[in-house]
Amino acid sequence: GAGTLFQKIWRQSILSAMATQLVAQVLSRVEPETVFVGGLMQNIGQLVLARSQPELFQQVLTVSAEEGLPYYVVEQELLGFDHGDLGALLIKEWNLSEELEQAVRWHHRLDHRDAASRELAAVVCLGEEIAACTGGNPEELDLRWEKSRAAGILAVPAGVFANLREQAQSLAIEPGF
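The shown structure was predicted, so the numbers you read here are calculated from the model rather than taken from an experiment. (Residues numbered from 1 in each chain as written. Predicted model: local features only at pLDDT ≥ 70, side-chain atom pairs only at ≥ 80, totals over all residues. Heavy atoms only, no water.)

**As for the pattern of salt bridges**
Phase 1: In total, this model carries six salt bridges according to the counting rule given.
Phase 2: Between R109 and D82 there is a salt bridge, and its shortest N-O distance comes to 3.2 Å. Taken together, the residues span a long stretch of sequence, with R109 in the loop between α7 (98–106) and α8 (118–131) and D82 in the loop between α5 (71–79) and α6 (83–93) at a distance of 27 residues.
Phase 3: Take D82: its relative accessible area is 1%, and that puts it in the buried class.
Phase 4: Salt bridges here are not isolated pairs; linked through shared partners, they connect D82, D85, E101, R105 and R109. (Salt bridge = Lys/Arg side-chain N within 4 Å of Asp/Glu carboxyl O. Helix = DSSP H or I, 4+ residues; strand = E, 2+ residues; numbered from the N terminus. Buried < 20%, exposed > 50% of the residue type's maximum accessible area, 1.4 Å probe, protein only.)

What follows is the structure, given as structure tokens:
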């Protein structure tokens, strides 16, 4: 099952990268190519954890599912760090920009007192949120907008948010990828 899990995480990372680039294009605040890398790298820490500590990663998945908590919250509780922290370490190791490193580190913890590169982190976070869209009714779109801290930080109106989600639904990756 590990191959299936890796493929799922990687596909979601690619969709997040594409959606993050879409957000950057629509909002015209940051360079779309830069945020594409941020969207791609924001969950790479999950791959690292799944590969290096499969039992621990499975525990994160199990607790997350049983308690209805996001992965990053469970990771923080169990490990003292989350996949954003791991991704930031890789970005630093690979000598990518510090702004990108900070955006990946804080993309789930936008309100943390130490959060840096907050706007870029919010764009990455919003891209991840809209990449997760699967359709649904308009009430769900509005509800998600109201709950989106990233949309609030970026001052994205509900209509723009709904439009981004609609556009993200057309994003596709080759089935064999």
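So, next bit.
**What about the environment of E129?**
Phase 1: Turning to its location among the elements, E129 is positioned in helix α8.
Phase 2: You can call E129 partly exposed: its relative accessible area is 24%.
Phase 3: Distance from E129 to A19, taken between C-alpha atoms, is 8.6 Å for residues 110 residues apart in sequence.
Phase 4: With sequence-adjacent residues up to four places away left out, E129 is seen in contact with S148, A150, F161 and R165. (Contact = heavy atoms within 4.5 Å.)

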